[in-house]
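# Notes for the structure review
Given next are the chains, with one letter for each unit.
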Amino acid sequence: MDLIYSMRRKPLKCEPPNLDGTTDPEVVRPICTISVCNIIAFTSFTELSDVDGDTWGGHVYVCDIITPWNSYKVTSTTHPVSALEWDGEGKQLLVATTVGDVYVYGQKDYLLNEWTCLYTGNFPGERVIKAIFFHNGRRVLVSDKKVEVPMTERFQLSRSTPTLKGFGGAGREGVCIVTGSGLVGAVSGWSAQSAVVPLRPARDRVTAAAFAHKNGKIVVAALCVCGGRASVRAGAVSLTLPLALQLTPLPTLYLPDDTPQLPVCLSWKLSEEVDSLFVGSTTVTLWKLTERAYPVHKLLAKGSVQGNTTPGGGLKSASECFATLSWQATGAWPVEGGEAAAGVASGGPQAASLAALATPRSLHLIGDSHHYLCSRAVVTSSEVSPPSSTPPKKTKYGPGLLPSGARCARACSVSVSWSGCAVVVVDTHSQLHLYKHTPAHEHASQVVSQTCTLLEYATVSGHDCVDVLIGLKPNVLEALYERLTENFQRQPTAFQQHYYYAWIRLRMLLCSMIPSGQASASNLTSVLMSGASSAALACALRPPAPRPDDKDSPLHALAALAGLFDDQPDHDKNLLALEAKAEALGETALSALQPLQALRRPLRRALHTALTALAALQTSTSHHGYEVWADPSALGVLRKLLVVSRCSARSTWGGVEAGAGLQSALARLAASPHNVKPDLLEECLTLCVHNSSRVWDVSPRCGVVAPHSRPTPYYLEYGVEPESLRYVPEPPTHAVSELTPSFEMDAIRYMYLGGGDKGGGRWRECGRCGARVLAASLCARHPLQRAYDGRFIGACRCGGKWSLVSNF
């Protein structure tokens, strides 16, 4: 487990009193959580830019896992935030306070730096300890089959019972909470209905809790302190409409007598069964809820007593008659150094490890066996080792020196990503620390195999996979790229068609992390954008059925173009025929094809992409990474767009003769991509000499996963973009052109953004690939343009989140 980066903030002039040194479980500390989209949410008592201590309260921030210095505030509350949770899809964020206020936020216009409150709940006078969202009933089941088995059998999409059923059995939105006085409450989505039920009739003081989903129910475990003794109360919560809660109690787990004086944290082991619970203090214990039989005399088990018979009519055995649930300790790990646990978190079903335990000064990773996988010190200042009993003479904190009498921060909360490969820790000064877990004892081929399985699971489930790839070396990334390509090409055709663009995005991410793969990343991005144009045209070219006797009707021309985007057995023959008479079709259906002018810029971009592919063919006819000219499917998409472009507007590019020559070159290249003849090379050279339009789709960016070859760990600061992590890729010679869109151009619509150094402008920017687009959709747009833009509203073409940027 290696430290990837550690965030720093400027020291406060007024430090929080008794926060870093106290062990009182009632004291509210910063908390953090990470979503399946790899967006980190954490809390702070003051704003991150505040150094005077004038903004005391509860502040919630979010940031991308690879750009943590760009932290955006979600909301600010008067009272401290005591619970913070993401939903199962990473779209909604729950914020709960110490006075019982519950807020659920969602992104406004899909922007990471703008949030809006969706619905609220209120439990007056109750301190919210823990919360969880309702399960929507959608899961991805993983079988234990070999890698050679198709993904359709290894990963299966299933529908389980949702937590709260709505109309037609669909899952409804909502949250479930547990409070400090032993109440379990629920808030139902947009209706904002609420209901509560006590854990038991006698109310207890709850200091820690944990939630998990199991078979349509919510399993809750709460640490209750009553009469100087601590116990873990567990139960299964089921919900029905109108909103009502029913609590089925589970056996109580009693802890040692000295537990109430120490901080205790709870976490369910997130597996398919959800029957194991981590209890962390000075010793981390794994308890499993098992069914145990109590042996009795056989005479007591015989007889036709009510409830003593099986459904078939026979008598039950003695073990079946007196079976009950009980807690059994299956593992124990004493905390190194004897420190009390500050937080424990378990990864998802695909996690490589079981749990991560955070103590004030260390982070421990716990595995299946009865020992630590690894243990690392959490350095919350610029020290190189954990603080000892004798404080250093000059303690450094952040970029400057600590004020007199100030202490170093302590770790107080931990969260594990969905894959278990990344662990996020936050300290008492709201500073983030990211650790990457990679088994050091395993061979490189085993690491590639495990990582490939996680990436395939992310492709099917839709989870973000940056946490899996962060911290990997370039040679491992190259081997991983080859393995993923081979595995995907072995899948059934229907599977490849369904996940084709998800596979392209995954390869884009891998190539962008390899120093020598920037050209491949640009080619894959161009193919992705061409596919978006093709999908928009496929929806537009659906005219009414023409009459058979009117063969010269424009509808016949539109029907012929629409046939390009249908998977037919004689598709190649139809494409060749349309390429030969594209101009004649254009003259016939000129008026009917006028609406396609809304996509004139994406069509022109497809033409430039085809020219760039031919220019790359001149540089080298061997296959290095990903090349457009070596991909028959990409060439087929470009040929379709060229036909539509020549039919809709001749002024889109070059002239009729040049367009026909480009179509001919692409057709010959698609017929034999691995056997390029000299006359074809000469024809491509002539086209490239007379037309200098080129495409380069890799923008300068600043991120942790950029191939800047900087050794880890990185010590970063909130609000300060590190220049050492900025990466500016150099385009190859065949992609250099004056017409290549610059950093001030819209990467989706291929138009000027406006503003600049001398004027004001607003735009959306992707925090991962650096792409920029217009801030808002233009009014009175054509439906065809809206269909094209709609594919990139929720996220960037690389999968990153948008953030609104302005230079006003």
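Residues numbered from 1 in each chain as written. Predicted model: local features only at pLDDT ≥ 70, side-chain atom pairs only at ≥ 80, totals over all residues. Heavy atoms only, no water.

### Re the sheet that holds strand E36 (residues 762-766)
Spatially, three strands are ordered E37-E36-E38 in an open sheet, and the strand pairing comes out antiparallel. At either margin of the open sheet sits one strand with a lone partner, and together these are strand E37 (772-774) and strand E38 (802-806). Within this sheet the neighbouring strands show an average axis-to-axis angle of 35°, counted without direction. By the bridge criterion, five bridges tie E36 to E38 in an arrangement that is antiparallel. (Pairing = 2+ DSSP bridges. Helix = DSSP H or I, 4+ residues; strand = E, 2+ residues; numbered from the N terminus. Axes fitted to C-alpha atoms, helices over the stretch in contact; angles between N-to-C directions.)

### Topic: empty space enclosed by the protein
Following the criterion strictly, the structure yields ten cavities of 30 Å³ or more and no others. Looking at the largest cavity, its volume works out to about 330 Å³. For the largest cavity, the lining is made up of 21 residues, of which Ser 512, Arg 701, Arg 768, Cys 769 and Cys 798 are closest to its centre. Among the elements that line the lining of the largest cavity, the one with the most residues is helix H8 (residues 500-512), at four residues. Classifying every residue of the lining of the largest cavity by side-chain character gives twelve nonpolar, four polar and five charged. (1 Å grid on protein atoms, 1.4 Å probe; cavity = no way out; pocket = protein on both sides within 12 Å on 5 of 7 lines; lining within 4 Å. Points joined across faces, edges and corners; volume = space filled by probe spheres on them. Nonpolar A, V, L, I, M, F, W, Y, C, P; charged D, E, K, R; others polar.)

### Some details on the pairing of strand E21 (residues 276-280)
Consecutive residues of a regular strand have side chains that alternate between opposite faces of the sheet. Counted residue by residue, E21 has five buried out of five residues, so it is predominantly covered. The side-chain alternation of E21 yields two buried faces, one formed by Ser 276, Phe 278 and Gly 280 and the other by Leu 277 and Val 279. In the sheet, strand E20 (residues 265-268) pairs with E21 via four bridges, with the strands oriented antiparallel. Considered in E21, the bridge of Ser 267 is made with Phe 278. Note: E21 against strand E22 (residues 283-293), five bridges, orientation antiparallel. From the neighbouring strand, Leu 277 faces E22, where its bridge partner is Trp 287. (Buried < 20%, exposed > 50% of the residue type's maximum accessible area, 1.4 Å probe, protein only.)

### Observations concerning the pairing of strand E26 (residues 362-366)
Among the five residues in E26, five count as buried, and that is most of the element. Across the two faces of E26 the burial is the same, with Ser 362, His 364 and Ile 366 and Leu 363 and Leu 365 all buried. Taken together, the four bridges between strand E25 (residues 355-358) and E26 define a ladder with antiparallel strand orientation. Paired with Leu 357 across the two strands is His 364, which belongs to E26.

### A short note on the pattern of salt bridges
Going through the model one piece at a time under the given rule, you end up with 14 salt bridges. A salt bridge links Lys 73 to Glu 47, with the shortest nitrogen-to-oxygen separation between them at 3.0 Å. Of the two residues, Lys 73 sits in strand E5 (residues 67-77) while Glu 47 sits in the loop between strand E3 (39-44) and strand E4 (58-64), which places them 26 residues apart along the sequence. In this structure Lys 73 comes out as partly exposed when scored by relative accessible area, which is 34%. For the salt bridge of Glu 456 with Arg 154, the shortest nitrogen-to-oxygen distance reads 3.0 Å. (Salt bridge = Lys/Arg side-chain N within 4 Å of Asp/Glu carboxyl O.)

### A word on the packing of helix H6 (residues 474-489) against H8
It is at 10 Å that the axes of H6 and H8 come closest, and there the two elements cross at 165°. Taken together, the axis directions place H6 and H8 in an arrangement best described as roughly antiparallel. The hand of the H6/H8 crossing is left-handed. Contacts between H6 and H8 involve Leu 477, Leu 480, Tyr 481, Leu 484, Thr 485 and Phe 488 on the former and, on the latter, Tyr 500, Trp 503, Leu 506, Arg 507, Leu 510 and Cys 511. Looking at side-chain class alone, the contact of H6 with H8 contains ten nonpolar, one polar and one charged residues. (Parallel < 35°, antiparallel > 145°, perpendicular 65-115°, else oblique. Left-handed = near helix turned anticlockwise from the far one by under 90°. Contact = heavy atoms within 4.5 Å.)

### Here we look at the sheet that holds strand E17 (residues 217-226)
Spatial strand order, E16-E17-E18-E19: four strands in an open sheet with antiparallel pairing. Edge positions in the sheet fall to strand E16 (205-214) and strand E19 (244-254), since each has one partner strand and no second. Recorded for the sheet is a direction-independent mean angle of 25° between the axes of neighbouring strands. Summarising the sheet, E16 and E17 pair through nine bridges and their orientation is antiparallel. The residue of E17 that forms the bridge with Val 206 is Cys 224.

### Some remarks on the side chain of Asp 275
Within the fold, Asp 275 resides in the loop between E20 and E21. For the buried Asp 275, no salt bridge exists, and the shortest N-O distance to an oppositely charged side chain is 4.4 Å, to Lys 288. Side chain to side chain, Asp 275 and Ser 276 meet in a polar contact 3.4 Å long. With residues near it in sequence (within four places) discarded, Asp 275 still touches Trp 268, Trp 287, Lys 288, Leu 289 and Trp 327. (Lys, Arg positive; Asp, Glu negative; His and termini not counted. Polar contact = N/O pair within 3.5 Å; in protein donor to acceptor, adjacent residues only side chain to side chain.)

### A short note on the packing of helix H13 (residues 600-619) against helix H14 (residues 632-648)
Where H13 meets H14, the closest approach of the two axes is 9 Å, and the angle between their N-to-C directions is 130°. It follows from the interaxial angle that H13 and H14 lie oblique. Viewed along their axes, H13 and H14 form a crossing whose handedness is left-handed. Where H13 abuts H14, its residues Leu 603, Ala 606, Leu 607, Thr 609 and Ala 610 lie against Leu 638, Leu 641, Leu 642, Ser 645 and Ser 648. Among the residues making up the contact of H13 with H14, the classes are represented as seven nonpolar, three polar and no charged.

### Overview of helix H9 (residues 518-540)
Here H9 is 23 residues long and its end C-alpha atoms lie 34 Å apart, about the 33 Å a rise of 1.5 Å per residue gives. Counting buried positions along H9 yields 19 of 23 residues, so the element is predominantly enclosed. (Expected span 1.5 Å × (residues − 1).)

### Comments concerning unusual backbone geometry
Of note, the bond from Leu 241 into Pro 242 is cis; its omega dihedral lies within 30 degrees of zero at -10°. Here Pro 242 is to be found in the loop between strand E18 (229-240) and E19. In this structure, the amide linkage connecting Thr 712 to the following residue, Pro 713, adopts the cis form with an omega of 5°. Summarising the element assignment, Pro 713 is placed in the loop between strand E33 (701-702) and strand E34 (714-717). For Tyr 110, which is not glycine, the phi torsion reads 60° and is therefore positive. With relative accessibility at 47%, the residue Tyr 110 sits in the partly exposed group.

### Thoughts on the nonpolar core
Within the largest apolar cluster, 137 residues are counted, with the highest numbers of intra-cluster contacts made by Tyr 5 and Leu 93. For this core, the element with the most residues is H13, which contributes ten residues. Discounting chain neighbours no more than four positions away, the residues touching Leu 93 are Ala 41, Val 60, Val 62, Val 74, Leu 84, Glu 85, Trp 86, Tyr 103, Val 104, Tyr 105, Trp 115 and Phe 133. If you look at the next biggest cluster of nonpolar residues, it comprises 23 residues, including Cys 176, Val 184, Val 220 and Ala 222. (Core = buried A, V, L, I, M, F, W, Y, C linked by side-chain atoms within 4.5 Å.)

### Focus: H8
Helix length check: H8 (13 residues) gives 18 Å between terminal C-alpha atoms against 18 Å at 1.5 Å per residue, within 8%. Among the 13 residues that make up H8, ten are buried, leaving the element largely enclosed by the rest of the structure. By the burial criterion, the buried members of H8 are Tyr 500, Trp 503, Ile 504, Leu 506, Arg 507, Met 508, Leu 509, Leu 510, Cys 511 and Ser 512.

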